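Per-entry structural report
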Amino acid sequence: MAEAVVVAGEEERPRLSRLPLSRVKSIMKADPDVALAAHEAVFLIAKATELFIEAIAKDAYGFALQGKRKTLQRKDLDNAVDAVDEFAFLEVFSVRRPKTSTASNAQRRPRSHHLIKELTGFLASSEVVVRAFGEKRR
């Protein structure tokens, strides 16, 4: 069993975010409207993204269980998006594709960082974040 490495004089601290904050920050800064990103804002976006992923994964897992499977598939996520009103903004990504060969599907699949960029952009502009931190600065 691996032990935690503790720096001299410091206690082991649990990670507050499961997503790498440096990657979240670089995705946020890819938006031309974002010049600076405070550490607190990056943490908030990372935490909100974690909670979002957890919520959609739980709903999609319910559809997988209905299909007597334990592994999530794209159709489970599509069903969750269709079934839950809060995920309606994802309908642009929920395109039901006809079954074709695996090679052609791999070419059309969006890269995961594009989806994360879209989600973090949505979360950054959401009313909840604006209300929590005041007016947006331009």
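Below is a summary of the structure that appears in this document.

How each quantity is defined
- Residues numbered from 1 in each chain as written.
- Predicted model: local features only at pLDDT ≥ 70, side-chain atom pairs only at ≥ 80, totals over all residues.
- Heavy atoms only, no water.
- Core = buried A, V, L, I, M, F, W, Y, C linked by side-chain atoms within 4.5 Å.
- Buried < 20%, exposed > 50% of the residue type's maximum accessible area, 1.4 Å probe, protein only.
- Helix = DSSP H or I, 4+ residues; strand = E, 2+ residues; numbered from the N terminus.
- Contact = heavy atoms within 4.5 Å.
- Salt bridge = Lys/Arg side-chain N within 4 Å of Asp/Glu carboxyl O.
- Patch = residues over 30% accessible without salt bridge, like charges linked within 9 Å, V, L, I, M, F, W, Y side chains within 5 Å.
- Areas by Shrake-Rupley, 256 points an atom, 1.4 Å probe, with all protein chains shown as cover.
- Lys, Arg positive; Asp, Glu negative; His and termini not counted.
- Charge placed at Lys NZ, Arg CZ, Asp CG, Glu CD.
- Expected span 1.5 Å × (residues − 1).

A short note on the nonpolar core
In a soluble, globular protein the nonpolar side chains are often hidden away together inside. Core analysis: the largest hydrophobic core is formed by eight residues, namely Phe52, Ile56, Ala60, Ala80, Val81, Val84, Phe87 and Leu90. Listed by contribution, the elements that provide at least two residues to this core are α2 (39-66) and α3 (74-83). Top element by residues in this core is α2. It accounts for three residues. The contact partners of Ile56, leaving out residues within four places of it in the chain, are Leu77, Ala80, Val81, Phe87 and Leu90. If you look at the next biggest cluster of nonpolar residues, it comprises six residues, including Met28, Ala37, Ile45 and Ala46.

A look at the side chain of Glu50
Secondary-structure assignment places Glu50 in helix α2. Looking at Glu50, the relative accessible area reads 8%, which means it is buried. Apart from residues no more than four positions distant in its own chain, Glu50 is found in contact with Ser17, Arg18 and Leu19.

Looking at the pattern of salt bridges
Tallied over the entire structure, the rule returns six salt bridges. For Glu50, the salt bridge is made with Lys47, and the minimal N-O distance between the two is 3.5 Å. Here Glu50 and its partner Lys47 are both found in helix α2, three residues apart, which amounts to about one turn of the helix. Judged by its relative accessible area of 31%, Lys47 falls in the partly exposed class. Where salt bridges share partners, they join Arg18, Lys47, Glu50, Glu54 and Lys58 into one cluster.

Comments concerning a negative patch on the surface
Taken together, the side chains of Asp59, Asp85, Glu86 and Glu91 define an acidic patch exposed on the protein surface. Mapped onto the elements, Asp85 comes out in the loop between α3 and α4 (102-108).

Re α2
Relative to the 40 Å expected for 28 residues at 1.5 Å per residue, α2 spans 41 Å between its end C-alpha atoms, a close match to the ideal helical length. Two residues or fewer after α2 comes Lys68, characterised by a positive phi angle close to 60°.

Here's the deal with α3
Residues Asp76, Asp78, Ala80 and Val81 constitute the buried set of α3. Looking at the buried positions of α3, the neighbouring elements they touch are α2.

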